[in-house]
There are 2 protein chains.
Amino acid sequence: MDGDKIRNMEEFASVSGLSRPTLSKYFHDPESVRTSTRKRIEAALEQYDYRPNIYAMNQNRRLTKNIGIVVPFLADPFFAEIARNIENLVTESGYRPILLNSQGSPENEIDNLDSLRSIKPAGVLFAPLGRESDRSAIESFCRDVPTVLFDSNIDGMGEAFVGSDNYSFVSQTVEYLSRTGEPPSFFEMRNPANPNANKRRHAYVKMMERLGLEPHVIRIEGSGWGFEEIGRQGGFKVLEEKLLPTDTVLCSNDRLAIGFLSACFERGVSVGRVDGCDLRVASHDDHPFSRFTCPSLTTAAHDYTEVSDRSVETLLRLIESGGRFERREEELFAAHLIMRNSA
Amino acid sequence: MDGDKIRNMEEFASVSGLSRPTLSKYFHDPESVRTSTRKRIEAALEQYDYRPNIYAMNQNRRLTKNIGIVVPFLADPFFAEIARNIENLVTESGYRPILLNSQGSPENEIDNLDSLRSIKPAGVLFAPLGRESDRSAIESFCRDVPTVLFDSNIDGMGEAFVGSDNYSFVSQTVEYLSRTGEPPSFFEMRNPANPNANKRRHAYVKMMERLGLEPHVIRIEGSGWGFEEIGRQGGFKVLEEKLLPTDTVLCSNDRLAIGFLSACFERGVSVGRVDGCDLRVASHDDHPFSRFTCPSLTTAAHDYTEVSDRSVETLLRLIESGGRFERREEELFAAHLIMRNSA
DNA sequence: CCCAATTCTTTACGCGCGTAAATTTTTACT
DNA sequence: AGTAAAAATTTACGCGCGTAAAGAATTGGG
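Residues numbered from 1 in each chain as written. Chains lettered and ligands numbered in written order. Predicted model: local features only at pLDDT ≥ 70, side-chain atom pairs only at ≥ 80, totals over all residues. Heavy atoms only, no water.

S.K.: Residue-level account of the sheet that holds strand 4 (residues 147-150) of chain A, with values.
M.R.: All names here are of chain A. Spatial ordering of the open sheet is given by 2-1-3-4-5-11, a layout of six strands whose pairing is parallel. The sheet is open, and its two borders are formed by strand 2 (96-101) and strand 11 (329-333), each paired with just one other strand. With strand direction ignored, the average angle separating the axes of adjacent strands in the sheet is 15°. Across five bridges, the pairing between strand 5 (residues 160-164) and strand 11 is parallel. The residue of strand 11 that forms the bridge with Val162 is Glu331. (Pairing = 2+ DSSP bridges. Helix = DSSP H or I, 4+ residues; strand = E, 2+ residues; numbered from the N terminus. Axes fitted to C-alpha atoms, helices over the stretch in contact; angles between N-to-C directions.)

Printed below as a string of structure tokens:
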């Protein structure tokens, strides 16, 4: 560093011996200039540590290098983990990730989209709240901004959807549970916000019928995003009122299961797949904490890596295609069963 | 909405019957124009839904309405929770929060600060990684940008620090544990990245000595941010090698405790404060999941609300003071003990 | 009703960079 | 060495808004 403070690209152009338009090209895409030129620029960059003013860069550019990432509830480690992966991929691709958290509220979700709109992002990766989302607001957003949905699908919204195949989750857990012991009841919230929950229930019923078993769905009350507490209260209720026809429970998702397990523990109900246990509990998602529950949770895992990779890959392809696909793409990844000690 | 699309402030000025400079003032601070004018603007805003271009707004302004929030590891629900609180407060204060995640890596931390610097934020709320942070880079950042540290302190950095009083945490847990049963050993990582961990160990030793008890610190190997797994492996080791002089363990933080509890469960070691249990386990932080562990975790809780409130309040005051305080402020909040079933 | 203080309008310039077009220089290849 | 293609330079304009200064309009208080 020469201590000389470079004020703008013009000055940096003169000290680096190049022209401003060339530098502009370089900052837009380093690969777009000759290797020798790139080296010169990067050498000068070392010396003078100049950085272009992003505001000036973006104001007069059609599409920026920003990519918005909107998740419904960041305090859920599942989304934190996905967001983490996606952020890294976006950065590696030379874009700037902008992470926005809807915090379970439809108003925040719209605010986030509005705020993204005014940032003119190259594209947006968007995991909607689901049932509570404002469909028309999202529709209008997707018309203006190239958007790929992930995690939860809303029919027709965005140019693509990347997520997990709920049927794959449930078929594996149901198959495994009914093969190795009594068939499972399905434990879920009565009014799940997330569309995946509904698909999982349907898959459960269908799968049970296919196996010639009687489906049994337990739907507990509760709203909001405090799934663990809801699962816990539901667990108490289920245990007290003896709502289980068999010794096996399949929770709609791991967070409910975490609460359910804590209820079992507190009531002295032993959970596990070994002989002598009162109950078997399994679930879906492979939540980051599910290996640390007591007992550790048998669950069907998202392919976090595939979902993140493909979401980003799809968005980049969408951006290159000018923001529109011929027809909406939909890609679902299979789950894989993770056998731990709870079932 | 009239369908008419307003392209810039000039156009919006003409349709709203006001001058552009007045509108500019309004968008900078709605209170700075006469009430009647404000009403007129807001009415027009309803009709035409125009939003100023943020890039153009900020490029030529000294300080923006952006507030950066940097957390060391967002996949840790503790930070997710704090970040959530802070984001809300920042928004309520009329600023735009920009949440950045260092993901446990010092390189990311510096990248985040660099990226914030180029955004010219009004101020930054910064929770550093700790031991691994690049001191000099942070120092230089704090010289340029009004910064308030939170959660973990680095001496002399930033204009203020807001966090929890580690001594208060540990003194309460140690006092409680030794009053109600055998005195605790202290369970921690050998090389904790976070400075709070060191303070907690010191506090433990001091507190034990004050009570006339023999301190006993167990330091387990492990690096990175996978605390649960480290606690779990450490737990196995402790149980196998019988490293505990008493039946009581105090973990440095809840995430270690979550792992430790899972190890106990797996080895059939019963944990709890009731008679007949093999072990008592307590911890610090009141991690969002600590009420769902098996057994639920007795812990000393951060005052999340106070820490978030005060951090934001302090930063806003710092911004109003022109970015500098007479002398560095430091504010620590006391913990409160939360008695659950593990001890 | 007058006057001073406040608020708004008019005018004008600049911010830092994107970007287009025409020109010159460099590169790669025969 | 000659040539076409590729890359860089020069020139010039515009983006949308901040902001300063000077004047006009509005306000409120006596």
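S.K.: I'd like to hear about unusual backbone geometry, residue by residue, with values.
M.R.: Trans is the common state for peptide bonds, and a negative phi is the common state for residues other than glycine. Residue and element names in this part refer to chain A. Here the residue pair Cys294 and Pro295 is connected by a cis peptide bond, since its omega of -5° sits within 30 degrees of zero. Relative to the helices and strands, Pro295 resides in the loop between strand 9 (280-285) and strand 10 (298-301). The backbone phi angle of Asp151 is positive, close to 65°, even though this residue is not glycine. As for its placement among the helices and strands, Asp151 is situated in the loop between strand 4 and strand 5. At Asp286, a residue that is not glycine, the phi angle is positive and equals roughly 55°. Secondary-structure assignment places Asp286 in the loop between strand 9 and strand 10. Judged by its relative accessible area of 12%, Asp286 falls in the buried class. (Buried < 20%, exposed > 50% of the residue type's maximum accessible area, 1.4 Å probe, protein only.)

S.K.: Report on the protein's contact with DNA strand C, specifying residues and quantitative values.
M.R.: Around DNA strand C, a shell composed of 24 residues is seen, among which Met9(A), Ser24(A), Tyr50(A), Thr37(B) and Gln59(B) lie nearest. Gln59(A) is positioned such that a nitrogen or oxygen atom in its side chain is 2.8 Å from a base nitrogen of DNA strand C. Put simply, the parts of the chain that give the surface near DNA strand C at least two residues each are helix 2 (20-28) and helix 4 (54-59) of chain A together with helix 2 (20-28) of chain B. Of the residues in the surface near DNA strand C, the class split is eight nonpolar, 11 polar and five charged. (Near = heavy atom within 4 Å. Polar contact = N/O pair within 3.5 Å; in protein donor to acceptor, adjacent residues only side chain to side chain. Nonpolar A, V, L, I, M, F, W, Y, C, P; charged D, E, K, R; others polar.)

Any functional reading would require information beyond the geometric quantities listed.
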